[in-house]
Structures are given as structure tokens and as C-alpha cells.
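Each chain, letter by letter, is given below.
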Amino acid sequence: MKYISTRGQMDVIDFQDAVMTGLATDGGLILPESLPNITDQLDKLSQLNYIDLAFEIIKIFAPDIPEDNLKSIIDKSYASFHHPEIAPSIKVDDIYILELFHGPTLAFKDFALQLLGNLFAYILEHRGGCLNILGATSGDTGSAAIHGVRGKKNINIFVMHPEGRTSRIQEKQMTSVLDPNVYNLAVDGTFDDCQSIMKKLFSDLPFKNKYSLGAVNSVNWARVLAQMVYYFYATFQIQKDSGSKSVRFSVPTGNFGDILAGYLAKKMGLPIEQLILATNENDILTRFFSTGIYEQSKVVPTISPSMDIQVASNFERYLYFKLNRDSDILREIMENFNKSGGIELPCDKGGLIDSLIVAGKATTDMTIEMIKYYHKKYDYLLDPHTAVGVCVAKEFSSSIPTICLATAHPAKFTDTIESAIGYPALHPVLESLDSAPTRCDSIDNDCEAVKSYLMKSI
Ligand SMILES: *Cc1c(COP(=O)(O)O)cnc(C)c1O
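In this report, we go over the structure that sits alongside the text. (Residues numbered from 1 in each chain as written. Predicted model: local features only at pLDDT ≥ 70, side-chain atom pairs only at ≥ 80, totals over all residues. Heavy atoms only, no water.)

**Thoughts on the site of the ligand**
Working step 1: The environment of the ligand is formed by 15 residues, the closest being Lys109, Asp140, Gly254, Asn255 and Thr407.
Working step 2: The contact in question runs from an oxygen atom of the ligand to an N or O atom on the backbone of asparagine 255, over 2.7 Å.
Working step 3: The side chain of serine 306 places a nitrogen or oxygen atom 3.4 Å from an oxygen atom of the ligand.
Working step 4: In isolation the ligand offers 380 Å² of accessible surface; the protein chains occlude 96% of this area.
Working step 5: The class makeup of the residues in the shell around the ligand is five nonpolar, seven polar and three charged. (Near = heavy atom within 4 Å. Polar contact = N/O pair within 3.5 Å; in protein donor to acceptor, adjacent residues only side chain to side chain. Areas by Shrake-Rupley, 256 points an atom, 1.4 Å probe, with all protein chains shown as cover. Nonpolar A, V, L, I, M, F, W, Y, C, P; charged D, E, K, R; others polar.)

**Here we look at the packing of aromatic side chains**
Working step 1: Under the definition given, this model contains 33 aromatic pairs.
Working step 2: Ring geometry for phenylalanine 288 and phenylalanine 315: centres 5.0 Å apart, planes at 80 degrees, overall edge-to-face. Placement of phenylalanine 288 in helix α12 (residues 284–291) and of phenylalanine 315 in helix α13 (residues 315–322) is noted, with a sequence separation of 27 residues between them. Across the pair, phenylalanine 315 and phenylalanine 288 agree in class, each one buried.
Working step 3: An aromatic cluster is built from Phe256, Tyr263, Phe288, Phe289, Tyr294, Phe315, Tyr318, Tyr320, Phe321 and Phe337, whose rings are joined through pairwise contacts.
Working step 4: Note that arginine 439 overlies the ring of tyrosine 183, its terminal NZ or CZ placed 6.0 Å from the centroid.
Working step 5: Note that lysine 451 overlies the ring of phenylalanine 207, its terminal NZ or CZ placed 5.1 Å from the centroid. (Phe/Tyr/Trp six-rings, centres within 6.5 Å; stacked < 30°, edge-to-face > 60°. Helix = DSSP H or I, 4+ residues; strand = E, 2+ residues; numbered from the N terminus. Buried < 20%, exposed > 50% of the residue type's maximum accessible area, 1.4 Å probe, protein only. Lys NZ or Arg CZ within 6 Å of the ring centre and 35° of its normal.)

**Looking at the environment of asparagine 282**
Working step 1: With respect to the element layout, asparagine 282 can be found in the loop between β10 (272–279) and α12.
Working step 2: The sequence separation of asparagine 282 and proline 84 amounts to 198 residues, and the corresponding C-alpha distance is 35 Å.
Working step 3: Apart from the residues lying within four places of it in its own chain, the contact partners of asparagine 282 are Lys298, Val299, Val300, Thr302, Met307, Asp308, Ile309 and Gln310.
Working step 4: A polar contact is formed between the side chain of asparagine 282 and the backbone nitrogen of valine 300, at a distance of 2.8 Å. (Contact = heavy atoms within 4.5 Å.)

Function-wise, these values are silent; they only describe arrangement.
Given below as C-alpha cells:
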């Protein structure tokens with residue numbers, strides 16, 4: 001299995017290079033050059049536990065890692081999860097809730113970032129060299145990335161967050177990690193300031209190369225790959241439970257990474273009848289799948305902050321398939337988008353953009369009502385992101401079993417939960433954080449200050 005760029009101007013590379021490169025050198029996104037159809041293996045795969053299934057799926061895409069090594073990378077990655085099933089599905093009401101929040105930071109991003117951390121460590125150990133990860137976060141990704149690489153050889157991680165502007169829980173999930181290779185930087189500024197510092201440092205190529213700077217952004221192919229596994233796993237569980245061959249997934253969506261994994265699993269033969277794309281008020285993707293017009297507008301802050309996104313960084317991978325893998329047209333479309341902030345795609349014959357994907361948005365009020373309803377009627381607490389997924393799933397009713405991805409544990413967003421149901425949601429992992437010692441350095445909102453901090457620490 002080799003890898004190509006959506007924009008068609010990069011030489012093919014192998015899996016390990018795809019993992020280390022992140023973004024393709026021509027500015028596009030990395031994809032496998034083909035997606036094998038594994039329909040005839042589904043019966044056999046449906047018998048496996050999560051870890052064995054992960055091994056079978058991931059090994060198709062990583063032939064350049066010896067099987068024994070890959071197995072131990074995967075074992076290590078999911079050993080940190082708190083649930084024996086790793087990704088259990090619970091039937092609540094008429095929807096299966098696929099709980100993806102049993103990892104170390106209680107959000108689905110652990111599935112990808114635990115694996116990515118172990119892949120980085122393996123590749124660096126075998127090829128030599130080191131990696132200094134620099135990131136900027138307003139919440140979930142930073143802590144999942146820190147937990148993915150803490151204590152790993154040849155890797156340091158530096159995560160900037162806007163001082164006093166992330167939630168207390170999210171800040172503590174980062175700053176309570178005391179491993180010597182983890183550096184938390186509280187920047188005296190906003191999230192945008194953190195991002196612009198990051199952009200400046202990455203564009204300083206001599207500096208970037210000298211200090212082996214790298215990123216763990218949401219476009220890394222290994223992240224999408226790790227997320228494909230739970231679509232297979234959940235489909236098999238629900239097939240057994242419901243007796244139905246096909247299933248639907250509802251996916252709370254921001255950067256289009258999670259739903260893309262489902263889209264690719266379907267392409268490999270998994271019987272997914274429909275993907276329901278759920279957004280909050282930041283609805284660029286909902287508008288696209290309803291009209292064909294992809295047009296940026298301003299980000300509005302909501303109670304599901306990990307979905308407060310306007311330009312979805314993984315969307316280009318979808319467009320590539322939508323355009324029948326025509327990189328020339330894709331390049332033109334992306335150039336137009338960068339110039340004008342908008343593009344339009346024609347609908348299919350049936351008047352749809354995609355017969356597989358439907359999309360809808362849930363407002364803040366609808367989301368809070370759904371949290372209350374599930375709590376009162378079923379004694380089940382939805383986090384605000386998952387509640388968006390449930391709201392939109394209910395808009396598209398069907399007799400086919402529906403699985404909603406639960407992307408975070410409600411205790412991570414305890415202020416919203418408390419205002420909805422009158423008391424906070426709890427989780428033992430988060431409670432123990434209260435008394436945990438922390439390490440964090442304050443730093444000026446200034447590129448040069450961050451640069452000298454890095455040089456001094458590396
Ligand atoms: C990141 C995140 C999402 C959005 O996932 P994408 O892959 O960016 O679409 C949804 N919910 C939670 C809790 C997240 O952390």
C-alpha cells in the first residue's frame with residue numbers, strides 16, 4: 001500500500017512517511033492510492049475483539065511495519081482505555097450510543113492520538129532522529145496529544161493554550177501531566193494568537209528543520225485510519241444485536257475527520273446505509289450537503305466547542321473522491337476557495353449532493369433540551385457534542401438501526417450539564433485532577449519568546 005496526495009503533485013510514499021509527513025508536500029492531503037474492498041472478510045472480522053480487529057484493519061494500510069511490531073503498537077495504544085470493550089455501544093431509546101470516551105482524556109480523539117504517539121515513537125526509534133511537536137489548542141486536541149506522547153523517547157511536545165481562556169478541566173488535563181518531555185505554555189493572548197505564533201514558527205524553515213518541529217494536526221492519515229476501526233466494530237455489534245444487516249451512523253462533526261473515516265469504511269464494503277452529518281450553529285457542512293455551496297462564514301462560539309469550526313480541514317479528502325479522484329479539478333477548486341471563500345458543486349441526478357450523506361444542524365436550545373430529555377427519560381447523560389448527533393439523527397427517522405457517535409464524556413463539559421440538569425456530571429479521572437500538581441510556564445504573546453523557550457528546552 002502506497003500513499004498519494006489529493007493534489008496529485010507528490011511522489012508516492014509509504015505508510016511510515018505518510019505518518020511522519022502529516023500534510024502532503026504539494027499542500028494536499030495524503031490518501032492511500034487504493035481502498036481494498038474487504039466485503040468477503042467481514043464475517044471473519046466480526047468475530048474479533050477490538051484490538052484484534054484494529055490490527056487486521058490497520059495492517060492493510062501499514063505493510064511497511066512488521067506485523068509483530070504493529071501488534072504491540074496497537075496493544076499499547078488501547079491498553080490505556082478504561083473500558084474492557086474499548087468502544088462499547090449502549091442502546092438508549094431507539095438509538096445506539098457508541099461510547100468513544102473511555103480513553104485517557106475522555107474524548108474520541110484518544111483513539112487516534114494514542115496510536116499516533118506510539119507510531120511516532122516506533123518510527124523514530126527505527127529510523128533515528130527526534131521530533132519536537134508544537135501545537136496550539138483551545139481544548140480537546142491538546143490534552144489528547146499530550147497523553148499520546150507523554151514519556152515517549154525521542155519526542156518532546158510543546159502545547160500553547162490561551163492563558164485563562166480554556167475550561168478549567170481542559171487546562172488541568174494538560175498541565176497535570178508532569179513527564180519531562182511535556183511542556184505546557186500559557187500564552188498571554190487568545191487562541192488565534194497561539195495559532196499565529198505556530199504558523200510563524202512553522203514557516204521559518206531553517207528553524208523548523210534545525211529543531212525537527214512537527215505537528216499532530218487533524219489531517220494526519222493515521223488519525224483517520226485509527227477512527228475507521230470503530231465503524232467496523234460498532235457495525236458488527238449492532239448487526240448481532242438488531243439482526244439488521246445495514247446500519248446508519250450519526251456523527252457530530254467539526255473538521256470532517258470522524259465522518260470521513262465512516263465514508264472510507266463504507267467504500268471498503270461495510271454495509272453503512274446512511275451517514276448523518278450533525279453540526280451545531282457552525283453549519284458550513286450542513287449547508288454544503290443541502291445545497292452544494294461550500295461557503296465560509298464567521299465562527300460562533302457554542303456549547304459544543306470542539307465543533308466550532310468553519311473550514312473543515314479533512315473535507316478535501318471527501319472532495320477528492322467526489323470529483324472521481326481528479327486532482328487537476330480539485331486543485332482548481334481549492335485555489336478558488338482560497339481566493340473567494342466559497343465554491344459550488346453540482347447536485348447528482350436525484351437532486352442530492354451525495355446519496356450516502358444527509359446533514360442537519362442542532363441549535364443550542366435543541367441540544368440542551370435533548371440532554372434534559374435523555375437524562376429525565378432514560379437516566380443517560382449525553383455530552384453536548386453527542387446531543388447534537390442525537391438531535392440530528394432524530395430528524396432523519398428510519399427503520400434501519402442508528403448508531404450515534406458519543407465523542408466526549410459529559411463530565412468534560414460539566415458547566416453545560418449543570419445548567420441543563422441542575423447538578424454537575426462527574427468522572428473519577430477528572431475528580432482526581434482537582435488535587436493533582438501541575439506544571440505550566442507563562443509566556444508572552446510573542447513569537448520570539450516562544451522560539452527562545454523552544455531553543456532553551458530542546
Ligand atoms: C474533535 C471533536 C469533534 C469533531 O470531530 P471532527 O473529526 O473534527 O469532525 C466532535 N466532538 C468532540 C468532543 C471532539 O473533540
